[in-house]
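# Results of the structural survey
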Protein chains: 2
Amino acid sequence: MSEVFAARRDRLREYCAASGSAAALVSRPANVRYLTGAAPPGAVLLLGRDEDVLLCAAAPTGQPDEGRPDEALATQVLGSPGGDPAVAAADLAVAHGADSLALEEHDLTVARHRALRAVAPRLRLGDLGGAVEQLRYVKDEEEISCLRIAAEIADQALGELLESILVGRTERHLALELERRLVDHGAESPAFPTSVATGPNAGSPGHVPTDRRVEEGDFLSVCLGAAYRGYRCEIGRTFVIGTTPADWQVELYDLVFAAQRAGREALVPGMPCRDVDRAARQVLDSAGYAAGLTQLTGHGVGLEIDEDPQLAPTAMGKLDACVPVTVEPGVHLPGRGGVRIDDTLVVRPEADGGPELLTITTKELLAL
Amino acid sequence: MSEVFAARRDRLREYCAASGSAAALVSRPANVRYLTGAAPPGAVLLLGRDEDVLLCAAAPTGQPDEGRPDEALATQVLGSPGGDPAVAAADLAVAHGADSLALEEHDLTVARHRALRAVAPRLRLGDLGGAVEQLRYVKDEEEISCLRIAAEIADQALGELLESILVGRTERHLALELERRLVDHGAESPAFPTSVATGPNAGSPGHVPTDRRVEEGDFLSVCLGAAYRGYRCEIGRTFVIGTTPADWQVELYDLVFAAQRAGREALVPGMPCRDVDRAARQVLDSAGYAAGLTQLTGHGVGLEIDEDPQLAPTAMGKLDACVPVTVEPGVHLPGRGGVRIDDTLVVRPEADGGPELLTITTKELLAL
């Protein structure tokens, strides 16, 4: 793996050289992990012309949720307690003879920026912007296989839940049980707080589980994901509790399903992100559900659960092959509940069979 | 509760007036919650001369983990998707006639600060610094009673675990079970990721649970906490698995216990924080464990699990009555394991009976 991280750092080094920065300071945790294999709390990466250094506040523990740092990479642990590795990195950049340093201004606070300036007043401080996020946009097959395993874990956890008795249990308990099952099946942790929504809460995006109990006739919507080697996937499904779904439930389900399929089918390399959003959104729009739709119908996933691209009406940019995204339209009717269907897929060219579905749990409307 | 939040905002308003700022922008989530009762994701508080406004990216949901916003407070939900409430607040400050705005420079990123400057180029931007954190330092009785309930929940969760069979179960499972029990007993969520450490891992601060199983003769150390109405407590205990602890285990336990007691007994209003740290640390130091001790032997708790004061050798400042802190010295012997004992207490004057212990689970060395 060491070469993978070194190659990523070399790409960033080329970017810095081209934009006139002698050195770069990477502080956003997911970016540090992408470039070094690890993100101990507070650690930053100093990318120099020749040498790179991972600066940590305390010795990296090599815990699964932090990753193990690239062994070929120099690591420095701060001696003084309470010190800021970013400030130490600016100091080190000067010691290495750098006259300029590009920073992640979307991550560093104004106060840390000022502290950096104070220790290195002659260093020209620039903005690295989203350069590392851009490198992270297209995934390699190693990253995709981590996402594939994460999706498999989420599918297993969800599958087991479907076999258990649901009526009478609270949203909160079901969410905790799903999280336990995720970890049982090998997740480092849930990829994000598991959402379980019943009855009038069903279909509400990002619903935080309450003490409401599952009842006969409810819609039940769940959204969960696993983190595996730092990579995070997402799956969302909606079910009906009881034997026969009501007509309005079947209709609403079919509609959201059609919207989600339209979104999935629009996942083609080169497709503008806003067009993927439009494909899903217009199915719901034309059925009269324009109001109350979420701002996104999907988003990229990777080392963070919510990364580029955004699938939204105002999104810029296009899809590319090997970009993993969620497609997750939904409708929530206040007081009645609703439906949300969410998959993680990888954009693939048609010649390779089109989008690769990572979350394979059935999207039939199951009555549980 | 509304008056409580209004009174807190008035104290901040006085601070701003005294330091020459017409308005303040509070963006750090725990600070927003302290002043408004809620912290919907991304929300900021604009504190004006006369009127305060809570600006949110989306409508506040009133979920327990976000709190309910003060109903007497004006709330604005951003119309445009993807907008930054902080930028909208700067705009609003100008509309309200403010010529200066104090920001939380330790929270705002350089990029957001630049965006603010762009929408309000004539607004004089200052630094609010840790003004709100300072207000949060001493807790009122309402806050302390939330911490008391949080501690009670953690005690209950831990107590139930002690009654179950532990040998053969993994650190990861025990941690998940503790978290489930926390929620069962009314926690909004765990206060921080639960740590369970067995055998050679025991006593290692912040240990992330692994698949190691509990064995006879192990030290088992756990550290957990509950969040209740946003307030977070912490408890840590170490046990021995099996019937009779080995001599080295008893000795090490007694030593850490003595250090922790010395720290607890130093919790007196007016005591310098570094002296509390020294009281606990020197017990371990003089037994030859100076190397490898953690940087802190305790810290404040409240709306965040790790807030002021720090109990550390270089800490500035003094304790005050009604300041809740943890006291949590420990020793970890690489390859052998160790002991950590952690309580949450509230500093009280001697006339009121001295420090109030919130986490009341026994600190005897139990053999489980």
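Residues numbered from 1 in each chain as written. Chains lettered and ligands numbered in written order. Predicted model: local features only at pLDDT ≥ 70, side-chain atom pairs only at ≥ 80, totals over all residues. Heavy atoms only, no water.

Chain A carries the name Peptidase in an unreviewed UniProt entry, which gives Streptomyces sulfonofaciens as its organism.

In this section: the sheet that holds strand S12 (residues 235-240) of chain B. All names here are of chain B. Overall, antiparallel pairing links the three strands, which are arranged S8-S9-S12 in an open sheet. Bordering the open sheet on either side are strand S8 (195-198) and S12, each of which pairs with just one other strand. With direction set aside, neighbouring strand axes in the sheet form an average angle of 10 degrees. Pairing of strand S9 (residues 219-224) with S12 involves six bridges; the strand directions are antiparallel. Following the sheet pairing, Cys-223 is matched in S12 by Gly-236. Across the face of the sheet, helix H7 (residues 171-184) comes into contact with S8 and S9 while running at roughly 145 degrees to S8. (Pairing = 2+ DSSP bridges. Helix = DSSP H or I, 4+ residues; strand = E, 2+ residues; numbered from the N terminus. Axes fitted to C-alpha atoms, helices over the stretch in contact; angles between N-to-C directions. Contact = heavy atoms within 4.5 Å.)

So, about the domain arrangement of chain A. Residues and elements named next belong to chain A. Per the domain assignment, the segments of chain A are domain 1 (2-135) and domain 2 (138-357). Measuring from the centre of the C-alpha atoms in domain 1 to the corresponding centre in domain 2 gives 34 Å. When domain 1 packs against domain 2, close to 700 Å² is buried across both sides, 46% of that on carbon and sulfur atoms. A salt bridge links Glu-304 to Arg-28; the nearest nitrogen and oxygen atoms lie 2.9 Å apart. Seen at the junction of domain 1 and domain 2, the total is two residue pairs in polar contact (both at pLDDT 80 or more). Of all the secondary-structure elements, those providing two or more residues to the side of domain 1 that touches domain 2 are helix H1 (2-18) and helix H2 (29-36). Element by element, the count of residues in the side of domain 1 that touches domain 2 is highest for H2, at three residues. When the residues that make up the side of domain 1 that touches domain 2 are grouped by side-chain class, the tally is five nonpolar, no polar and four charged. (Domains from an automatic or database assignment. Buried area = accessible area lost by both parts, 1.4 Å probe. Salt bridge = Lys/Arg side-chain N within 4 Å of Asp/Glu carboxyl O. Polar contact = N/O pair within 3.5 Å; in protein donor to acceptor, adjacent residues only side chain to side chain. Nonpolar A, V, L, I, M, F, W, Y, C, P; charged D, E, K, R; others polar.)

The next subject is the relation of the copies chain A and chain B. Superposing chain A onto chain B takes a rotation of 180 degrees plus a shift of 0.0 Å along the axis, which leaves an RMSD of 0.0 Å. The operation mapping one copy onto its partner corresponds to a two-fold rotation axis. Residue Thr-109 of chain A of chain A places its C-alpha closer to the rotation axis than any other residue of that unit, at 2.0 Å. Here 93% of the interface residues in chain A have copies in chain B that are interface residues too; the copies meet face to matching face. (Least-squares fit on C-alpha atoms with pLDDT ≥ 70 in both.)

This part is about the UniProt feature "domain: Peptidase M24" (unreviewed entry) in chain A. If you check UniProt for "domain: Peptidase M24" (unreviewed entry), the listed places come out as residues 146-348 of chain A in our numbering. Each end of residues 146-348 of chain A is marked by a C-alpha atom, and these two atoms are 17 Å apart; helix forms 33% of the span and strand 23%. (UniProt positions renumbered as here; feature names shortened; annotations may be inferred.)

On to unusual backbone geometry, then. It is generally the case that most residues other than glycine have a negative phi and that most peptide bonds are trans. Residue and element names in this part refer to chain A. With an omega of -5 degrees, the peptide bond running from Asp-308 to Pro-309 counts as cis. The residue Pro-309 is located in strand S14 (residues 307-311) in this model. Residues other than glycine seldom take positive phi values, yet Arg-229 does so here, at roughly 50 degrees. The topology assignment puts Arg-229 in the loop between strand S10 (226-228) and strand S11 (231-232). For Arg-229, a relative accessible area of 47% corresponds to the partly exposed category. Positive phi values are uncommon outside glycine, yet Cys-322 reaches one of about 70 degrees. Relative to the elements of secondary structure, Cys-322 occurs in the loop between S14 and strand S15 (324-327). Residue class for Cys-322 comes out buried when judged on its relative accessible area of 17%. (Buried < 20%, exposed > 50% of the residue type's maximum accessible area, 1.4 Å probe, protein only.)

Turning to the interface of chain A and chain B, a few remarks are in order. At the interface, 27 residues of chain A touch 26 residues of chain B. Taken together, both faces of the contact between chain A and chain B bury some 2200 Å²; the carbon and sulfur share is 58%. Along the contact surface separating chain A from chain B lie four salt bridges. Put simply, Arg-114 of chain B and Glu-105 of chain A hold a salt bridge, and the shortest N to O gap is 2.2 Å. The interface formed by chain A and chain B includes twelve residue pairs in polar contact (both at pLDDT 80 or more). Counting only elements with at least two residues in the side of chain A that touches chain B, the list comes to helix H4 (110-119) and helix H7 (171-184) of chain A.

A separate point is the pattern of salt bridges. Under the definition given, this model contains 58 salt bridges over all chains. Ionic pairing is found between Arg-136 of chain A and Glu-307 of chain A, a salt bridge with its closest N-O pair at 2.6 Å. With a gap of 171 residues between them, Arg-136 of chain A in helix H5 (residues 131-137) and Glu-307 of chain A in strand S14 connect regions that are remote in the sequence. A salt bridge links Asp-52 of chain B to Arg-9 of chain B; the shortest N-O distance between them is 2.8 Å. In this pair, Asp-52 of chain B is assigned in strand S3 (residues 52-56) and Arg-9 of chain B in helix H1 (residues 2-18), connecting sequence segments 43 residues apart. Looking at Asp-52 of chain B, the relative accessible area reads 7%, which means it is buried. On the basis of relative accessible area, Arg-9 of chain B is assigned to the buried category, the value being 5%. One salt-bridge network, in which partners are shared between bridges, spans Arg-28, Glu-133, Arg-136, Lys-139, Glu-304 and Glu-307 of chain A.

All names here are of chain A. Where helix H3 (residues 85-95) contacts H4, the axes come no closer than 9 Å and their chain directions differ by 30 degrees. The angle between the axes of H3 and H4 places the two elements in the roughly parallel class. Crossing of H3 against H4: the hand is right-handed. In this structure, H3 uses Ala-86, Val-87, Ala-90 and Asp-91 to contact H4, whose residues at the interface are Arg-112, Ala-115, Leu-116 and Val-119. A class-by-class count of the residues in the contact of H3 with H4 yields six nonpolar, no polar and two charged. (Parallel < 35°, antiparallel > 145°, perpendicular 65-115°, else oblique. Left-handed = near helix turned anticlockwise from the far one by under 90°.)

This part covers the pairing of S9 of chain B. For S9 of chain B, a buried count of six out of six residues is recorded, marking the element as mostly surrounded by other parts of the structure. Residue alternation in S9 of chain B divides its side chains into two sets, Phe-219, Ser-221 and Cys-223 of chain B and Leu-220, Val-222 and Leu-224 of chain B, and both sets are buried.

Turning to the packing of helix H6 (residues 141-162) of chain A against H7 of chain A, a few remarks are in order. Residue and element names in this part refer to chain A. Closest axis-to-axis distance for the H6/H7 pair is 9 Å, and the angle between their directions is 135 degrees. When the axis of H6 is compared with that of H7, the two are oblique. Taken as a pair, H6 and H7 cross one another with a handedness that is right-handed. Residues Ile-153, Ala-154, Ala-157, Leu-158, Glu-160 and Leu-161 of H6 pack against Leu-174, Glu-177, Leu-178, Arg-181 and Leu-182 of H7.

We now examine the sheet that holds strand S5 (residues 100-103) of chain B. Across a sheet, paired strands are connected by hydrogen bonds in the backbone, their directions being either parallel or antiparallel. Residues and elements named next belong to chain B. Strand order across the open sheet formed by six strands is S4-S3-S2-S1-S5-S6, with mixed pairing between neighbours. Across the chains shown, the open sheet's two edge strands, defined by having one partner strand only, are strand S4 (74-77) and strand S6 (124-127). Across this sheet, the average inter-strand angle for adjacent strands is 25 degrees, counted without regard to direction. With three bridges joining them, strand S1 (residues 23-26) and S5 adopt parallel strand pairing. Bridging from a neighbouring strand, Ala-23 pairs with Leu-101 of S5. Packed onto the sheet, H1 meets S1, strand S2 (44-47) and S3 and runs at close to 60 degrees relative to S2.

Another point: the state of the cysteines. All names here are of chain B. In this structure the tally under the stated criterion is zero disulfides over all chains. In this model Cys-233 remains outside any disulfide bridge; the closest cysteine sulfur is found in Cys-223, 9.7 Å from its own. A residue is classified by how much of its surface remains accessible, and Cys-233, at 0% relative accessible area, is buried. (Disulfide = S-S within 2.5 Å.)

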